[in-house]
Amino acid sequence: MALSHTDTSEIIPGHGILDGEALMNLAERYSTPLYVYDGDQILKNFRAFQKAVSNLDSKVHFAVKANSSIAILSLLHTAGAGADIVSGGELQRALTAHINPKDIIFSGVGKTDDELLLAMHLGVGQINIESGAELGRIAALAASNNLKCSIALRVNVDVDPGSHEKISTGQNSTKFGLALTDGQAESYYEQITAHPNLTPSGLAVHIGSQLRNLAPFETAYNELLGFAGHLRSNGFDVPCLDLGGGFGIDYEEIMHPDFTEYGKMVERIFKNTEYKLGFEPGRSIVGNCGNLITKVIYVKQGIDKRFIIIDAAMNDLIRPTLYEAFHRIDSLAERGKDTSKADIVGPICETGDYLARNRQMPMVEAGDYLAVRSVGAYGAVMMSNYNTRPEASEVLSYHGIAHLIRPRRTVEDLIKMEINPFL
Ligand SMILES: Cc1ncc(COP(=O)(O)O)c(C=O)c1O
(Lines give C-alpha, C1' and ligand atoms only; values in the text may rest on other atoms or scores of the structure.)
Protein backbone atom coordinates (compact mmCIF):
# COMPACT_ATOMS: atom_id res chain seq x y z
CA MET A 1 0.00 0.00 0.00
CA ALA A 2 1.34 3.44 -0.86
CA LEU A 3 2.17 5.74 2.01
CA SER A 4 0.60 9.14 1.83
CA HIS A 5 3.22 11.74 1.09
CA THR A 6 2.91 15.37 1.92
CA ASP A 7 4.17 18.04 -0.44
CA THR A 8 6.32 19.33 2.42
CA SER A 9 9.07 16.77 2.48
CA GLU A 10 12.79 17.00 2.17
CA ILE A 11 15.81 14.73 1.92
CA ILE A 12 17.45 14.45 5.31
CA PRO A 13 21.07 15.54 4.98
CA GLY A 14 23.70 13.12 6.27
CA HIS A 15 22.49 9.98 4.45
CA GLY A 16 19.12 10.03 6.13
CA ILE A 17 20.42 9.53 9.64
CA LEU A 18 18.49 11.42 12.30
CA ASP A 19 21.55 12.87 14.00
CA GLY A 20 21.93 16.22 15.74
CA GLU A 21 22.61 18.12 12.55
CA ALA A 22 19.60 16.66 10.76
CA LEU A 23 17.40 17.46 13.76
CA MET A 24 18.70 21.05 13.86
CA ASN A 25 18.05 21.46 10.13
CA LEU A 26 14.49 20.23 10.58
CA ALA A 27 14.02 22.59 13.52
CA GLU A 28 15.23 25.51 11.38
CA ARG A 29 12.90 24.54 8.59
CA TYR A 30 9.74 23.80 10.56
CA SER A 31 10.45 25.83 13.72
CA THR A 32 10.09 24.52 17.25
CA PRO A 33 8.68 22.85 19.25
CA LEU A 34 8.84 20.00 16.75
CA TYR A 35 8.29 16.26 17.10
CA VAL A 36 10.54 14.21 14.82
CA TYR A 37 9.92 10.46 14.48
CA ASP A 38 12.16 7.79 13.01
CA GLY A 39 9.81 5.76 10.82
CA ASP A 40 12.46 3.17 9.88
CA GLN A 41 13.03 2.33 13.55
CA ILE A 42 9.27 2.20 14.23
CA LEU A 43 8.94 -0.47 11.55
CA LYS A 44 11.98 -2.35 12.89
CA ASN A 45 10.47 -2.42 16.36
CA PHE A 46 7.12 -3.60 15.05
CA ARG A 47 8.69 -6.37 13.00
CA ALA A 48 10.82 -7.41 15.98
CA PHE A 49 7.65 -7.77 18.06
CA GLN A 50 5.96 -9.79 15.32
CA LYS A 51 9.01 -12.05 15.09
CA ALA A 52 9.17 -12.59 18.86
CA VAL A 53 5.65 -14.08 18.85
CA SER A 54 5.78 -15.65 15.40
CA ASN A 55 5.98 -19.24 16.66
CA LEU A 56 2.43 -18.83 17.90
CA ASP A 57 -0.81 -18.16 16.03
CA SER A 58 -0.67 -14.41 16.60
CA LYS A 59 -1.76 -10.98 15.36
CA VAL A 60 -0.18 -7.74 16.55
CA HIS A 61 -2.49 -4.73 16.93
CA PHE A 62 -0.70 -1.43 17.47
CA ALA A 63 -2.20 0.51 20.41
CA VAL A 64 -3.28 3.70 18.65
CA LYS A 65 -3.46 5.63 21.93
CA ALA A 66 0.34 5.63 22.12
CA ASN A 67 0.72 7.56 18.87
CA SER A 68 -2.29 8.14 16.66
CA SER A 69 -0.56 9.91 13.78
CA ILE A 70 -2.22 8.69 10.59
CA ALA A 71 1.14 8.55 8.79
CA ILE A 72 2.58 6.27 11.49
CA LEU A 73 -0.53 4.07 11.48
CA SER A 74 -0.24 3.87 7.73
CA LEU A 75 3.41 2.85 7.97
CA LEU A 76 2.60 0.16 10.53
CA HIS A 77 -0.25 -1.07 8.36
CA THR A 78 2.26 -1.79 5.58
CA ALA A 79 3.93 -4.20 8.02
CA GLY A 80 0.65 -5.99 8.75
CA ALA A 81 -0.39 -4.19 11.93
CA GLY A 82 -3.94 -4.26 13.16
CA ALA A 83 -5.09 -1.55 15.57
CA ASP A 84 -6.17 -1.47 19.20
CA ILE A 85 -8.43 1.55 19.64
CA VAL A 86 -10.25 3.17 22.57
CA SER A 87 -12.59 5.68 20.92
CA GLY A 88 -14.64 6.39 17.82
CA GLY A 89 -12.04 9.02 16.94
CA GLU A 90 -9.24 6.47 16.98
CA LEU A 91 -11.46 4.17 14.91
CA GLN A 92 -11.70 6.84 12.24
CA ARG A 93 -7.94 7.36 12.33
CA ALA A 94 -7.29 3.63 11.88
CA LEU A 95 -9.71 3.50 8.94
CA THR A 96 -8.10 6.60 7.39
CA ALA A 97 -4.79 4.71 7.56
CA HIS A 98 -6.53 1.87 5.62
CA ILE A 99 -6.48 -0.61 8.48
CA ASN A 100 -9.15 -3.21 7.80
CA PRO A 101 -12.02 -3.05 10.36
CA LYS A 102 -11.69 -6.79 10.98
CA ASP A 103 -8.12 -6.13 12.21
CA ILE A 104 -9.33 -3.64 14.83
CA ILE A 105 -9.89 -4.35 18.53
CA PHE A 106 -12.05 -1.83 20.40
CA SER A 107 -11.03 -1.50 24.08
CA GLY A 108 -12.09 0.90 26.84
CA VAL A 109 -14.50 1.09 29.78
CA GLY A 110 -16.87 3.78 28.49
CA LYS A 111 -17.83 3.20 24.87
CA THR A 112 -20.90 5.22 23.97
CA ASP A 113 -23.90 3.98 21.96
CA ASP A 114 -22.71 5.94 18.93
CA GLU A 115 -19.25 4.40 19.15
CA LEU A 116 -20.60 0.88 19.59
CA LEU A 117 -23.00 1.29 16.69
CA LEU A 118 -20.28 2.68 14.43
CA ALA A 119 -17.98 -0.21 15.33
CA MET A 120 -20.70 -2.78 14.68
CA HIS A 121 -21.78 -1.19 11.39
CA LEU A 122 -18.18 -1.18 10.19
CA GLY A 123 -17.58 -4.79 11.24
CA VAL A 124 -14.81 -4.14 13.78
CA GLY A 125 -13.09 -7.47 14.48
CA GLN A 126 -13.45 -7.57 18.27
CA ILE A 127 -15.08 -5.42 20.93
CA ASN A 128 -13.67 -5.90 24.43
CA ILE A 129 -16.39 -5.58 27.03
CA GLU A 130 -15.51 -4.40 30.54
CA SER A 131 -18.79 -4.47 32.50
CA GLY A 132 -22.19 -6.09 32.68
CA ALA A 133 -23.76 -2.72 31.87
CA GLU A 134 -21.73 -2.46 28.68
CA LEU A 135 -22.64 -6.02 27.70
CA GLY A 136 -26.34 -5.24 28.20
CA ARG A 137 -26.01 -2.11 26.07
CA ILE A 138 -24.22 -3.77 23.18
CA ALA A 139 -26.60 -6.74 23.21
CA ALA A 140 -29.60 -4.39 23.01
CA LEU A 141 -28.03 -2.25 20.28
CA ALA A 142 -27.06 -5.30 18.23
CA ALA A 143 -30.54 -6.80 18.50
CA SER A 144 -32.49 -3.62 17.76
CA ASN A 145 -30.29 -2.75 14.77
CA ASN A 146 -29.97 -6.30 13.52
CA LEU A 147 -26.18 -6.18 13.77
CA LYS A 148 -23.69 -8.88 14.73
CA CYS A 149 -20.36 -8.61 16.48
CA SER A 150 -17.57 -10.57 18.13
CA ILE A 151 -17.11 -9.91 21.81
CA ALA A 152 -14.23 -10.61 24.16
CA LEU A 153 -14.42 -10.10 27.91
CA ARG A 154 -11.62 -8.04 29.41
CA VAL A 155 -10.80 -9.64 32.71
CA ASN A 156 -9.10 -8.17 35.75
CA VAL A 157 -6.63 -10.70 37.13
CA ASP A 158 -5.72 -8.52 40.14
CA VAL A 159 -2.00 -8.33 39.43
CA ASP A 160 0.16 -5.34 40.32
CA PRO A 161 2.22 -4.49 37.23
CA GLY A 162 4.86 -2.66 39.29
CA SER A 163 4.49 0.49 37.20
CA HIS A 164 3.42 4.07 37.97
CA GLU A 165 0.00 4.03 39.66
CA LYS A 166 -1.59 6.23 36.95
CA ILE A 167 -0.77 3.68 34.25
CA SER A 168 -1.50 0.54 36.28
CA THR A 169 -4.69 -1.24 35.23
CA GLY A 170 -4.23 -4.76 36.54
CA GLN A 171 -5.58 -4.50 40.08
CA ASN A 172 -9.18 -4.92 41.20
CA SER A 173 -9.05 -1.40 42.64
CA THR A 174 -8.92 0.07 39.11
CA LYS A 175 -11.87 0.63 36.77
CA PHE A 176 -10.61 -1.92 34.24
CA GLY A 177 -11.88 -5.39 33.40
CA LEU A 178 -14.12 -7.90 35.13
CA ALA A 179 -12.94 -9.55 38.33
CA LEU A 180 -12.52 -13.30 38.23
CA THR A 181 -13.51 -13.90 41.83
CA ASP A 182 -17.26 -13.21 41.90
CA GLY A 183 -18.51 -15.47 39.10
CA GLN A 184 -19.74 -12.54 36.98
CA ALA A 185 -17.24 -13.00 34.16
CA GLU A 186 -18.39 -16.56 33.55
CA SER A 187 -22.05 -15.59 33.61
CA TYR A 188 -21.40 -12.78 31.10
CA TYR A 189 -19.51 -15.19 28.84
CA GLU A 190 -22.54 -17.47 28.97
CA GLN A 191 -24.82 -14.54 28.02
CA ILE A 192 -22.61 -13.66 25.04
CA THR A 193 -22.61 -17.27 23.88
CA ALA A 194 -26.39 -17.51 24.14
CA HIS A 195 -27.14 -14.22 22.38
CA PRO A 196 -28.13 -14.58 18.69
CA ASN A 197 -26.32 -11.37 17.63
CA LEU A 198 -23.13 -11.84 19.62
CA THR A 199 -20.24 -14.24 19.04
CA PRO A 200 -17.77 -14.93 21.84
CA SER A 201 -14.24 -14.34 20.63
CA GLY A 202 -12.47 -14.98 23.93
CA LEU A 203 -10.81 -13.06 26.73
CA ALA A 204 -8.57 -10.00 27.01
CA VAL A 205 -6.15 -8.75 29.64
CA HIS A 206 -4.02 -5.61 29.95
CA ILE A 207 -2.45 -4.98 33.34
CA GLY A 208 -0.71 -1.68 32.70
CA SER A 209 1.92 0.20 30.79
CA GLN A 210 5.72 0.65 31.08
CA LEU A 211 6.29 -2.78 32.67
CA ARG A 212 10.04 -3.30 33.02
CA ASN A 213 9.79 -6.80 34.42
CA LEU A 214 8.32 -9.93 32.84
CA ALA A 215 7.03 -11.48 36.09
CA PRO A 216 3.70 -9.57 36.28
CA PHE A 217 2.96 -10.43 32.64
CA GLU A 218 3.65 -14.06 33.39
CA THR A 219 1.36 -14.11 36.43
CA ALA A 220 -1.42 -12.34 34.51
CA TYR A 221 -1.14 -14.62 31.47
CA ASN A 222 -1.25 -17.74 33.64
CA GLU A 223 -4.39 -16.45 35.38
CA LEU A 224 -5.96 -15.70 32.02
CA LEU A 225 -5.05 -19.14 30.70
CA GLY A 226 -6.49 -20.77 33.81
CA PHE A 227 -9.82 -18.97 33.40
CA ALA A 228 -9.94 -19.66 29.65
CA GLY A 229 -9.34 -23.37 30.38
CA HIS A 230 -12.13 -23.32 32.95
CA LEU A 231 -14.53 -21.81 30.37
CA ARG A 232 -13.49 -24.37 27.78
CA SER A 233 -13.96 -27.22 30.20
CA ASN A 234 -17.50 -25.93 30.78
CA GLY A 235 -18.17 -26.23 27.05
CA PHE A 236 -17.67 -22.59 25.98
CA ASP A 237 -15.96 -21.63 22.75
CA VAL A 238 -12.89 -19.50 23.59
CA PRO A 239 -10.99 -19.01 20.33
CA CYS A 240 -8.76 -15.98 21.13
CA LEU A 241 -6.78 -14.57 24.00
CA ASP A 242 -5.85 -10.90 23.76
CA LEU A 243 -2.71 -10.32 25.85
CA GLY A 244 -2.78 -6.51 25.71
CA GLY A 245 0.27 -4.26 25.65
CA GLY A 246 2.46 -2.88 28.39
CA PHE A 247 6.04 -3.77 27.39
CA GLY A 248 8.21 -0.98 28.83
CA ILE A 249 11.11 0.90 27.30
CA ASP A 250 14.42 2.27 28.54
CA TYR A 251 14.07 6.05 28.96
CA GLU A 252 17.62 6.52 30.26
CA GLU A 253 19.54 5.03 27.36
CA ILE A 254 18.04 5.25 23.90
CA MET A 255 18.04 1.49 23.45
CA HIS A 256 15.49 -0.09 21.22
CA PRO A 257 13.41 -2.80 22.86
CA ASP A 258 14.36 -6.45 22.70
CA PHE A 259 11.24 -8.62 22.73
CA THR A 260 13.05 -11.97 22.65
CA GLU A 261 12.62 -12.92 26.32
CA TYR A 262 9.01 -11.71 26.28
CA GLY A 263 8.33 -13.89 23.21
CA LYS A 264 9.92 -16.92 24.89
CA MET A 265 7.83 -16.40 28.02
CA VAL A 266 4.61 -16.15 25.98
CA GLU A 267 5.58 -19.27 24.04
CA ARG A 268 6.31 -21.20 27.25
CA ILE A 269 2.84 -20.37 28.57
CA PHE A 270 0.73 -20.70 25.43
CA LYS A 271 2.36 -23.28 23.18
CA ASN A 272 0.06 -26.23 22.41
CA THR A 273 -2.92 -24.39 23.91
CA GLU A 274 -4.71 -23.76 20.60
CA TYR A 275 -5.62 -20.16 21.23
CA LYS A 276 -5.21 -17.46 18.64
CA LEU A 277 -3.25 -14.76 20.44
CA GLY A 278 -3.64 -11.00 20.08
CA PHE A 279 -1.11 -8.39 21.22
CA GLU A 280 -1.55 -4.64 21.69
CA PRO A 281 1.88 -3.03 22.07
CA GLY A 282 2.05 0.75 21.87
CA ARG A 283 4.91 2.39 23.78
CA SER A 284 7.48 -0.28 22.89
CA ILE A 285 6.92 0.22 19.15
CA VAL A 286 7.14 4.01 18.98
CA GLY A 287 8.42 5.31 22.33
CA ASN A 288 12.15 5.42 21.63
CA CYS A 289 11.58 6.61 18.05
CA GLY A 290 10.58 10.20 18.79
CA ASN A 291 12.48 13.40 19.61
CA LEU A 292 10.93 16.67 20.69
CA ILE A 293 13.15 19.47 19.42
CA THR A 294 12.89 22.68 21.36
CA LYS A 295 14.76 25.99 21.44
CA VAL A 296 16.17 27.70 24.50
CA ILE A 297 14.43 31.07 24.91
CA TYR A 298 16.25 32.32 28.01
CA VAL A 299 18.59 31.06 30.67
CA LYS A 300 17.74 32.43 34.11
CA GLN A 301 19.94 32.15 37.18
CA GLY A 302 17.74 31.75 40.25
CA ILE A 303 18.88 31.93 43.89
CA ASP A 304 19.91 28.32 44.07
CA LYS A 305 19.43 26.94 40.61
CA ARG A 306 19.56 27.59 36.92
CA PHE A 307 16.38 27.59 34.82
CA ILE A 308 16.61 26.73 31.14
CA ILE A 309 13.45 28.23 29.69
CA ILE A 310 12.49 26.54 26.42
CA ASP A 311 9.76 26.95 23.83
CA ALA A 312 8.25 23.49 24.51
CA ALA A 313 5.99 23.16 27.51
CA MET A 314 3.69 20.81 29.40
CA ASN A 315 1.07 21.29 26.70
CA ASP A 316 3.50 19.69 24.22
CA LEU A 317 4.71 16.91 26.54
CA ILE A 318 2.80 16.34 29.75
CA ARG A 319 4.49 13.10 30.87
CA PRO A 320 7.08 14.69 33.18
CA THR A 321 4.48 16.59 35.19
CA LEU A 322 1.70 13.98 34.94
CA TYR A 323 3.75 10.90 35.82
CA GLU A 324 7.06 12.40 37.03
CA ALA A 325 8.38 10.67 33.92
CA PHE A 326 12.05 10.92 33.00
CA HIS A 327 13.06 11.94 29.48
CA ARG A 328 16.68 12.29 28.51
CA ILE A 329 17.41 15.81 27.22
CA ASP A 330 20.49 16.48 25.08
CA SER A 331 21.84 19.78 23.85
CA LEU A 332 22.27 19.78 20.08
CA ALA A 333 24.69 22.70 20.43
CA GLU A 334 28.31 22.00 21.35
CA ARG A 335 28.79 23.74 24.72
CA GLY A 336 31.84 21.95 26.12
CA LYS A 337 32.12 19.55 29.04
CA ASP A 338 31.07 21.85 31.92
CA THR A 339 27.66 21.10 33.35
CA SER A 340 25.52 22.24 36.26
CA LYS A 341 22.10 21.39 37.61
CA ALA A 342 19.14 23.05 35.97
CA ASP A 343 15.37 22.85 35.73
CA ILE A 344 14.23 22.74 32.13
CA VAL A 345 10.94 24.60 32.06
CA GLY A 346 8.40 25.87 29.56
CA PRO A 347 6.65 29.25 29.23
CA ILE A 348 3.33 28.07 30.75
CA CYS A 349 2.24 29.77 33.95
CA GLU A 350 2.32 26.69 36.18
CA THR A 351 5.09 25.49 38.49
CA GLY A 352 4.33 22.05 37.10
CA ASP A 353 5.43 23.19 33.67
CA TYR A 354 8.77 21.42 33.45
CA LEU A 355 10.31 18.77 31.25
CA ALA A 356 13.09 17.99 33.72
CA ARG A 357 14.16 19.08 37.19
CA ASN A 358 17.59 19.16 38.80
CA ARG A 359 19.15 17.86 35.62
CA GLN A 360 22.89 18.08 35.00
CA MET A 361 23.03 20.12 31.78
CA PRO A 362 25.74 21.82 29.72
CA MET A 363 25.97 25.62 29.73
CA VAL A 364 23.42 26.12 26.97
CA GLU A 365 22.52 29.57 25.70
CA ALA A 366 19.45 31.26 24.23
CA GLY A 367 18.90 30.02 20.68
CA ASP A 368 20.40 26.55 21.28
CA TYR A 369 18.35 23.53 20.33
CA LEU A 370 17.67 20.71 22.78
CA ALA A 371 16.39 17.22 21.93
CA VAL A 372 13.96 15.67 24.40
CA ARG A 373 14.36 11.93 23.79
CA SER A 374 11.97 8.98 23.74
CA VAL A 375 8.81 10.98 23.22
CA GLY A 376 7.30 8.80 20.47
CA ALA A 377 4.64 7.34 22.78
CA TYR A 378 2.11 9.26 24.87
CA GLY A 379 3.77 12.49 23.76
CA ALA A 380 2.08 14.29 20.86
CA VAL A 381 -1.19 12.41 21.47
CA MET A 382 -1.57 14.22 24.79
CA MET A 383 -0.87 17.72 23.48
CA SER A 384 -3.28 20.47 24.44
CA ASN A 385 -3.71 24.16 23.70
CA TYR A 386 -3.33 25.33 27.30
CA ASN A 387 -2.32 29.01 27.41
CA THR A 388 -3.64 29.17 23.81
CA ARG A 389 -0.45 27.58 22.56
CA PRO A 390 -0.72 25.91 19.15
CA GLU A 391 0.53 22.31 19.32
CA ALA A 392 4.02 21.31 18.19
CA SER A 393 4.31 20.22 14.55
CA GLU A 394 5.26 16.65 13.70
CA VAL A 395 7.72 15.28 11.14
CA LEU A 396 8.22 11.63 10.19
CA SER A 397 11.53 10.56 8.73
CA TYR A 398 11.39 7.50 6.51
CA HIS A 399 13.99 6.15 4.11
CA GLY A 400 15.98 9.38 4.32
CA ILE A 401 13.06 11.69 3.63
CA ALA A 402 11.47 13.93 6.23
CA HIS A 403 7.71 14.31 5.83
CA LEU A 404 5.79 17.01 7.60
CA ILE A 405 2.87 14.93 8.91
CA ARG A 406 1.17 17.55 11.06
CA PRO A 407 1.76 21.27 10.52
CA ARG A 408 1.37 23.59 13.47
CA ARG A 409 -2.04 25.24 13.66
CA THR A 410 -2.24 29.00 13.96
CA VAL A 411 -3.85 30.87 16.84
CA GLU A 412 -6.58 31.86 14.34
CA ASP A 413 -7.25 28.12 13.78
CA LEU A 414 -7.58 27.65 17.53
CA ILE A 415 -10.06 30.45 18.16
CA LYS A 416 -12.17 30.33 15.02
CA MET A 417 -14.46 27.57 16.37
CA GLU A 418 -15.46 29.66 19.36
CA ILE A 419 -18.73 31.55 19.45
CA ASN A 420 -18.98 34.94 21.10
CA PRO A 421 -22.69 35.56 21.88
CA PHE A 422 -21.97 39.21 22.79
CA LEU A 423 -20.84 40.37 19.39
C1 LIG B 1 -6.20 -1.95 26.54
C2 LIG B 1 -4.83 -1.45 26.24
N3 LIG B 1 -4.09 -2.11 25.33
C4 LIG B 1 -2.85 -1.70 25.01
C5 LIG B 1 -2.28 -0.59 25.60
C6 LIG B 1 -0.91 -0.16 25.18
O7 LIG B 1 -0.02 -0.26 26.22
P8 LIG B 1 1.54 0.07 25.97
O9 LIG B 1 1.62 1.35 25.24
O10 LIG B 1 2.10 0.13 27.33
O11 LIG B 1 2.09 -1.07 25.17
C12 LIG B 1 -3.01 0.13 26.56
C13 LIG B 1 -2.40 1.30 27.24
O14 LIG B 1 -2.45 1.47 28.41
C15 LIG B 1 -4.32 -0.31 26.88
O16 LIG B 1 -5.07 0.36 27.77
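A. Summary view of the overall build of the chain. A tally of helices and strands in the chain yields 12 helices and 19 strands. The C-alpha atoms of the chain give 23 Å as radius of gyration, which agrees with the globular expectation for 423 residues (22 Å, within 12%). Expressed along its principal axes, the backbone C-alpha trace of the chain runs to roughly 70 × 55 × 45 Å. A total of 423 residues make up the chain; the buried ones form 54% of that total.

B. The arrangement of the pattern of salt bridges in detail. Going through the model one piece at a time under the given rule, you end up with 19 salt bridges. A salt bridge links Arg 357 to Glu 324; its shortest N-O distance comes to 3.5 Å. Here Arg 357 is found in strand β16 (residues 354-362), whereas its partner Glu 324 is found in the loop between α11 (319-323) and β14 (329-331), with 33 residues between them in sequence. Exposure remark for Arg 357: the relative accessible area of 43% places this residue in the partly exposed category. Between Asp 368 and Arg 335 there is a salt bridge; the shortest N-O distance is 2.8 Å.

C. Focus on the domain arrangement of the chain. For the chain, the assigned domains are domain 1 (9-37 + 288-408) and domain 2 (39-286). Taking the mean C-alpha position of each, domain 1 and domain 2 sit 32 Å from one another. Facing the 21 residues of domain 1 at the interface are 30 residues of domain 2. Applying the counting rule to domain 1 against domain 2 returns 9 residue pairs in polar contact (both at pLDDT 80 or more). For the side of domain 1 that touches domain 2, the secondary structure elements donating two or more residues are α11 and β18 (393-398).

D. Region of interest: the packing of aromatic side chains. With the rule as written, the count across this model stands at 12 aromatic pairs. Judged by centre distance (6.0 Å) and plane angle (20°), the rings of Tyr 35 and Tyr 37 are stacked. According to the relative accessible area criterion, Tyr 35 is buried, its value standing at 0%. A residue is classified by how much of its surface remains accessible, and Tyr 37, at 1% relative accessible area, is buried.

E. Geometry of the environment of Leu 277. Relative to the helices and strands, Leu 277 is located in strand β11 (residues 276-279). Residue classification places Leu 277 among the buried residues on the basis of a relative accessible area of 2%. Separated by 66 residues in sequence, Leu 277 and Leu 211 place their C-alpha atoms 20 Å apart. When residues no more than four places from it in sequence are discounted, the contact partners of Leu 277 are Leu 56, Asp 57, Ser 58, Lys 59, Leu 241, Leu 243, Val 266 and Phe 270.

F. Focus on the layout of surface pockets. When its volume is computed, the largest pocket comes out at roughly 580 Å³. The wall of the largest pocket is formed by 31 residues, among which Lys 65, Thr 169, Phe 176, His 206 and Tyr 378 lie closest to the centre. Broken down by class, the residue content of the lining of the largest pocket amounts to 12 nonpolar, 11 polar and 8 charged.

G. Spotlight on the packing of helix α5 (residues 113-122) against helix α6 (residues 132-144). Contact pair α5 / α6: the axes reach a minimum separation of 10 Å and the direction vectors enclose 55°. Taken together, the axes of α5 and α6 lie oblique to each other. As for how α5 packs across α6, the hand of that crossing is right-handed. Of α6, the residues touching α5 (which contributes Asp 113, Leu 116, Leu 117 and Met 120) are Glu 134, Arg 137, Ile 138, Leu 141 and Ala 142.

H. A look at the site of the ligand. Around the ligand sit 15 residues in total, of which Ser 209, Gly 246, Glu 280, Arg 283 and Tyr 378 are the nearest. Between Asp 84 and the ligand, the recorded distance is 3.2 Å, taken from a side-chain N or O atom to a nitrogen atom. Residue Ser 209 places a side-chain N or O atom 2.4 Å away from an oxygen atom belonging to the ligand. Computed on the free molecule, the ligand has an accessible area of 400 Å², of which 92% lies beneath the protein chains in the complex. Its residues assigned to classes, the shell around the ligand comprises 3 nonpolar, 7 polar and 5 charged.

I. Quick peek at unusual backbone geometry. Residue Pro 33 is reached from Thr 32 by a cis peptide bond, and omega for that bond is 0°. In this structure, Pro 33 sits in the loop between α1 (20-30) and β2 (34-38). In this structure, His 98 takes a positive phi of about 70° despite not being glycine. The topology assignment puts His 98 in the loop between α4 (88-96) and β5 (104-106). The backbone of Tyr 378 sits at a positive phi, close to 55°, despite the residue not being glycine. With respect to the element layout, Tyr 378 can be found in the loop between β17 (369-373) and β18.

J. Just the packing of helix α7 (residues 184-194) against helix α8 (residues 215-233), in detail. Close contact between α7 and α8 brings their axes to 11 Å; oriented N to C, the two are set at 50°. It follows from the interaxial angle that α7 and α8 lie oblique. Along this stretch, α7 crosses α8, giving a crossing that reads as right-handed. Of the residues in α8, those touching α7 at Ala 185, Glu 186 and Tyr 189 are Phe 227, His 230 and Leu 231. A per-class count over the contact of α7 with α8 returns 4 nonpolar, 1 polar and 1 charged.

What counts and what doesn't
- Residues numbered from 1 in each chain as written.
- Predicted model: local features only at pLDDT ≥ 70, side-chain atom pairs only at ≥ 80, totals over all residues.
- Heavy atoms only, no water.
- Helix = DSSP H or I, 4+ residues; strand = E, 2+ residues; numbered from the N terminus.
- Rg over C-alpha atoms; globule rule 2.2 N^0.38 Å.
- Buried < 20%, exposed > 50% of the residue type's maximum accessible area, 1.4 Å probe, protein only.
- Salt bridge = Lys/Arg side-chain N within 4 Å of Asp/Glu carboxyl O.
- Domains from an automatic or database assignment.
- Contact = heavy atoms within 4.5 Å.
- Polar contact = N/O pair within 3.5 Å; in protein donor to acceptor, adjacent residues only side chain to side chain.
- Phe/Tyr/Trp six-rings, centres within 6.5 Å; stacked < 30°, edge-to-face > 60°.
- 1 Å grid on protein atoms, 1.4 Å probe; cavity = no way out; pocket = protein on both sides within 12 Å on 5 of 7 lines; lining within 4 Å.
- Points joined across faces, edges and corners; volume = space filled by probe spheres on them.
- Nonpolar A, V, L, I, M, F, W, Y, C, P; charged D, E, K, R; others polar.
- Axes fitted to C-alpha atoms, helices over the stretch in contact; angles between N-to-C directions.
- Parallel < 35°, antiparallel > 145°, perpendicular 65-115°, else oblique.
- Left-handed = near helix turned anticlockwise from the far one by under 90°.
- Near = heavy atom within 4 Å.
- Areas by Shrake-Rupley, 256 points an atom, 1.4 Å probe, with all protein chains shown as cover.

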